[in-house]
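Here is what each chain is made of, one letter per residue.
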Amino acid sequence: MHNPQLNKHGELQHLLTLDGLPKAILSQILDIAAPFTEVAEREVKKLPLLRGKSVFNLFFENSTRTRTTFEIAAKRLSADVINLNVSTSSTAKGETLLDTVDNLCAMQADMFVVRHASSGAPYLIAEHLQRTGRDHIHVVNAGDGRHAHPTQGLLDMYTIRHYKQDFTKLTVAVVGDVLHSRVARSEIAALTTLGVPEIRVIGPKTLLPTDIDRMGVHVFHDMREGLKGVDVVMMLRLQNERMNGALLPSSQEYFKFYGLTQDKLALAKPDAIVLHPGPMNRGVEIDSAVADGGNAVILPQVTFGIAVRMAVMSMLAGS
Ligand code: CP
């Protein structure tokens, strides 16, 4: 089956999803990111791999970490970075997404980094570029609706590999609002591809997809049961902006059953690491004592995100 994110040589053309991305490419991204951590941590200032290239950040949805770390990553690769301010752009006057893209292509764009509330928006742009013979322009999905957030999934894998080395010996729990979470979908796809033998999903029935059984995971509705003996706890944000109607009695009730507290974390292995993609709802999905505690690797995730985004962009368009 044709994979729209690979070119005819099987190389990365766009990064749209981790679902179906070959293991070799996934591992290659993590390997390429490793030396870039020196740039992310500013031990090395800049590299010339994207010199003369223009990267357009198109964020149609709010972002702190993803937009900023893409900008930092592109600048440290010496690219020119243009952040389209969507609220003051002609999108607000009714211009279509593809008309906006065509106009930015006329400004000699080399790469679009796209976040959009609609699942599939980055695919639409990638297909449009392919159909119109502009194969030299690359698209990176920075989060589309409930569908995928591939660079978040990759930076999470980088973080796990950094602290735990071997994926094939791990038990990993993904906790919370899987139903609305593009992060969860990308994480589960990557953990599966990288050979994690036990992936657990923990959450209330109302916040899990109905086809969860087909995802190759073990489902737990009791958080204490699900956390027993795990190596990695991947917390998810409650995606209130994507919920239609009342799926939860209250945030206090949610915290009681599914909030990560120190006493629940004590059921995991003593050296378990805790990840969260941010932004965190403290006191709802995670207690501050855990978020700021010794098992949390939430801020290193952000720094690794720069290195991983440098790796993706340099694989797509680097010289
Ligand atoms: N993790 C994540 O996507 O965060 P932002 O929404 O701040 O980009």
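Going along each chain's sequence as written, the residues are numbered from 1 onward. Local features in a predicted model are, by the rule used here, given only for residues with pLDDT of at least 70; side-chain atom pairs are given and counted only at 80 or more, and totals for whole chains, interfaces and linings are based on all residues. Excluded from the side-chain calculations are hydrogens and water; all other atoms, namely the structure's heavy atoms, are used.

Chemist: I'd love a proper account of the pairing of strand β4 (residues 138–144), names of residues and values included.
Modeler: The cut-offs for exposure are 20% and 50% of the maximum accessible area for each residue type, with area from a 1.4 Å probe on protein chains only; residues under the lower value are buried, those over the upper are exposed, and the others partly exposed. Helix numbering and strand numbering both begin at the N terminus, where a helix is a DSSP run of H or I of at least 4 residues and a strand a DSSP run of E of at least 2. With seven of seven residues buried, β4 is to be regarded as a mostly interior element. Judged from the five bridges that link them, strand β3 (residues 111–116) and β4 form a sheet pairing that is parallel. When the bridges of β4 are listed, histidine 116 appears paired with aspartate 144. Crossover handedness for the path β3 to helix α4 (residues 121–131) to β4: right-handed. In this analysis, strands are considered paired if DSSP registers two or more bridges between them. Call a crossover right-handed when, viewed with both strands pointing away from you, the route from the first strand across the helix to the second goes clockwise.

Chemist: Any chance you could break down the packing of helix α1 (residues 23–40) against helix α5 (residues 150–164) for me, citing the residues and the numbers?
Modeler: Throughout, an axis means a line fitted to C-alpha atoms (over the contacting stretch in the case of helices), and angles, computed between N-to-C directions, take values from 0 to 180 degrees. As a packed pair, α1 and α5 sit with axes 10 Å apart at the nearest point and diverge in direction by 70°. Here α1 lies roughly perpendicular to α5, going by the angle between them. Considering only the axes of α1 and α5, their crossing is right-handed. Here Leu26, Ser27, Ile29, Leu30, Asp31, Ala33, Ala34 and Thr37 of α1 come into contact with α5, specifically with Leu154, Met157, Tyr158 and Arg161. When residues are grouped by polarity, Ala, Val, Leu, Ile, Met, Phe, Trp, Tyr, Cys and Pro land in nonpolar, Asp, Glu, Lys and Arg in charged, and all others, Gly among them, in polar. Residue classes in the contact of α1 with α5 are distributed as eight nonpolar, two polar and two charged. For classification purposes, angles smaller than 35 degrees are called roughly parallel, those larger than 145 roughly antiparallel, those between 65 and 115 roughly perpendicular, and all remaining angles oblique. Handedness of a crossing is defined here by the sense of rotation of the near helix relative to the far one, left-handed for an anticlockwise turn of less than a right angle and right-handed for a clockwise turn. Whether two residues are in contact is decided by their heavy atoms: any pair within 4.5 Å suffices.

Chemist: Quick one: what's the story with the pattern of salt bridges, residue by residue and with numbers?
Modeler: A pair is scored as a salt bridge if a Lys or Arg side-chain nitrogen falls within 4 Å of a carboxyl oxygen belonging to Asp or Glu. Across all of its chains, the model carries twelve salt bridges by this definition. A salt bridge links glutamate 225 to lysine 228, with the nearest nitrogen and oxygen atoms 2.8 Å apart. For lysine 228, a relative accessible area of 42% corresponds to the partly exposed category. Salt-bridge contacts for lysine 269 lead to aspartate 231; the nearest nitrogen and oxygen are separated by 2.9 Å. Placement of the pair is lysine 269 in the loop between α9 (262–265) and β9 (273–275) and aspartate 231 in the loop between α7 (223–227) and β8 (232–235), with a sequence separation of 38 residues. For lysine 269, a relative accessible area of 35% gives the class partly exposed. Judged by its relative accessible area of 6%, aspartate 231 is buried. Put simply, Arg67, Glu71 and Lys75 are held in one network by salt bridges that share partners.

Chemist: Summarise the site of the ligand; cite the residues concerned and give the values.
Modeler: If you check the shell around the ligand, you find Ser63, Thr64, Arg65, Thr66, Arg115, His149, Gln152, Pro277 and Gly278 and nothing else. The definition of a polar contact used here is a pair of N or O atoms within 3.5 Å, where within protein one atom must be able to donate a hydrogen and the other to accept one, and adjacent residues in sequence count solely through side-chain atom pairs. Taking threonine 64, its main chain carries an N or O atom lying 2.8 Å from an oxygen atom of the ligand. Between the ligand and the protein, one listed contact pairs a nitrogen atom with a backbone N or O atom of proline 277 at 2.8 Å. The protein chains hide 91% of the 250 Å² of surface that the ligand would expose on its own. Within the shell around the ligand, the residues separate by chemical class into one nonpolar, six polar and two charged. Reported domain spans reflect what an automatic or database domain assignment gives. Domain assignment of the residues forming the shell around the ligand places at least three in each of domain 1 (23–148 + 305–316) and domain 2 (150–302). In these notes, residues near a molecule or strand are those with any non-hydrogen atom within 4 Å of it. In this description, accessible areas are obtained by the Shrake-Rupley approach with a 1.4 Å probe, and a residue is regarded as covered only by the protein chains that are shown.

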